[in-house]
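Residues per chain are reported as follows:
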Amino acid sequence: MPGSSESRSDALWARARAVMPGGNSRTTVFTSPRPTYAASASGFSVTDVDGQTRLDFVNNYTSLIHGHSHPRITEAVVRQLALGTALSFPTETEVRLAEVLVRRVESIEHLRFTNSGTEAVMMAVQAARAFTGRPRIARFEGCYHGAYVDHADEDLLLPFNDAEAVEREIGSHASELAAVIVDPLPHRPGFVDPAPGFLQLLREVTRSLGVLLISDEIISFRVDHGGAQRRFYPGYAADLTTLGKIIGGGFPVGAFGGRADVMAVFDPTRRAGPKVAHGGTFNANPVTMVAGYEAMAMLPPSEFDRLAALGQRARDGLADVLENRGISWQVAGKASLFKLHPHPRSVVDYRTSLPTPSEQAAMDRFCQAIFAEGMILTPELAGCMSTPMSEAEVDALIAAADRAFKAIGLA
Ligand SMILES: Cc1ncc(COP(=O)(O)O)c(C=O)c1O
């Protein structure tokens, strides 16, 4: 975001550009014309290096469900720091977090930890290939599954929500398909709702053809105590599920798990050794494990309900702002997640979600305007709730959106 020429963010970005390409180490956090550097964060607030504090609805891309530096997580991590941060031994901390996750997600019998969602997806794909003996993966066009799958050109691309095409394409490629990976609430196209029965059909088609179904819930796990598979899409039980973000309590994390017979490809106690070796110097490191355990412990079903109610309040309030100002945008999202689409067209997949260049320009202006009003959203105008938030923060967001629309002269 723009700042005065003497700002500390300017100075930091100049130093960053001398040592990193474009001053950047994470594409997602670049904002034009230059990023704002953060100094500290607590609860729902982030303070930048020039002393401005804003309300954070990004929460490190949905991963901080308890906001920043939650005291209970901080205490657990500080205790663990003195006990060792990374060991060449397993610890009880990984057993405890694995037990919690296996209890929560009905279709997960066994799981393993990684350091990121990207790695969790990579390993789920490896598991599917080893188990089925088939090489290819199918995924839905424009849906994000991490830095690895995003670049696999050989994948079969399917249109989301198109039952006929899905049945036809999976049917005609089944003999080479190890798995279909699907995000049940695809975030890159803007939290597109699956059409009624679509995920169940996907489940039936894959099961009947011996193709594994991988549910990528790295973001959508935050919609329910049992993950996206439970409340929203009963009858859609995945063979493998990938998790990340909130399960690490704010630390780097990923996990993948599912059917015990599929996950057995990693079992080192097999006579011939594991079919697939899966290392990772920091896998299941106890710092992440204790942070994740505390984060999960503070998330009973009632807390998911409270977050979902806050999300609904945000979606309703933003829709009212649009209606009162006569702006033909729309609001999407589920549970604690929301997103503004800068057009009124029906969004059913990636292609229909795409804004025109002028709609994109309006989004960019709105993002800067609401940032100036003290609210942090993603450049795609998505956001999420964190447990330190109450109705007051949601109402502040709605009022700021109203002022931001006025400031950019949309209506
Ligand atoms: C659905 C989904 N899969 C995978 C990933 C990759 O996770 P990570 O950024 O932890 O590597 C993300 C990240 O946003 C995601 O949203």
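So, how was this worked out
Residues numbered from 1 in each chain as written. Predicted model: local features only at pLDDT ≥ 70, side-chain atom pairs only at ≥ 80, totals over all residues. Heavy atoms only, no water. Pairing = 2+ DSSP bridges. Helix = DSSP H or I, 4+ residues; strand = E, 2+ residues; numbered from the N terminus. Buried < 20%, exposed > 50% of the residue type's maximum accessible area, 1.4 Å probe, protein only. Near = heavy atom within 4 Å. Polar contact = N/O pair within 3.5 Å; in protein donor to acceptor, adjacent residues only side chain to side chain. Areas by Shrake-Rupley, 256 points an atom, 1.4 Å probe, with all protein chains shown as cover. Nonpolar A, V, L, I, M, F, W, Y, C, P; charged D, E, K, R; others polar.

Quick word on the sheet that holds strand β13 (residues 375–376)
In step 1: The four strands are arranged β1-β2-β3-β13 in an open sheet whose pairing can be described as mixed. Looking at the sheet topology across the chains shown, the edges are occupied by β1 (38–42) and β13.
In step 2: Pairing geometry for strand β3 (residues 53–56) and β13, over two bridges, is parallel. From the neighbouring strand, Asp 56 faces β13, where its bridge partner is Ile 376.

Regarding unusual backbone geometry
In most cases, non-glycine residues show a negative phi, while peptide bonds are predominantly trans.
In step 1: The peptide bond linking Ser 32 to Pro 33 adopts the cis configuration, its omega dihedral lying at 0 degrees.
In step 2: Among the secondary structure elements, Pro 33 is positioned in the loop between α1 (8–19) and β1.
In step 3: If you check the backbone angles, Thr 62 has positive phi at about 75 degrees while not being a glycine.
In step 4: As for its position among the elements, Thr 62 is in helix α2 (residues 59–62).
In step 5: Judged by relative accessible area, which is 9%, Thr 62 ranks as buried.

Side note on the site of the ligand
In step 1: Around the ligand sit Ser 116, Gly 117, Thr 118, Tyr 144, His 145, Gly 146, Asp 183, His 187, Asp 216, Ile 218, Ile 219 and Lys 245, and those are all the residues in its vicinity.
In step 2: A distance of 2.6 Å is found between an oxygen atom of the ligand and a side-chain nitrogen or oxygen belonging to Thr 118.
In step 3: Within the side chain of Asp 216, an N or O atom sits 2.7 Å from a nitrogen atom of the ligand.
In step 4: Compared with its free state, where it exposes 390 Å², the ligand has 84% of that area covered by protein.
In step 5: Its residues assigned to classes, the shell around the ligand comprises three nonpolar, six polar and three charged.

Re the side chain of Thr 114
In step 1: When you line up the elements, Thr 114 lands in strand β4 (residues 110–114).
In step 2: For Thr 114, a relative accessible area of 1% puts it in the buried group.
In step 3: Among the polar contacts listed, one links the side chain of Thr 114 to the backbone oxygen of Ser 116, at a separation of 2.8 Å.

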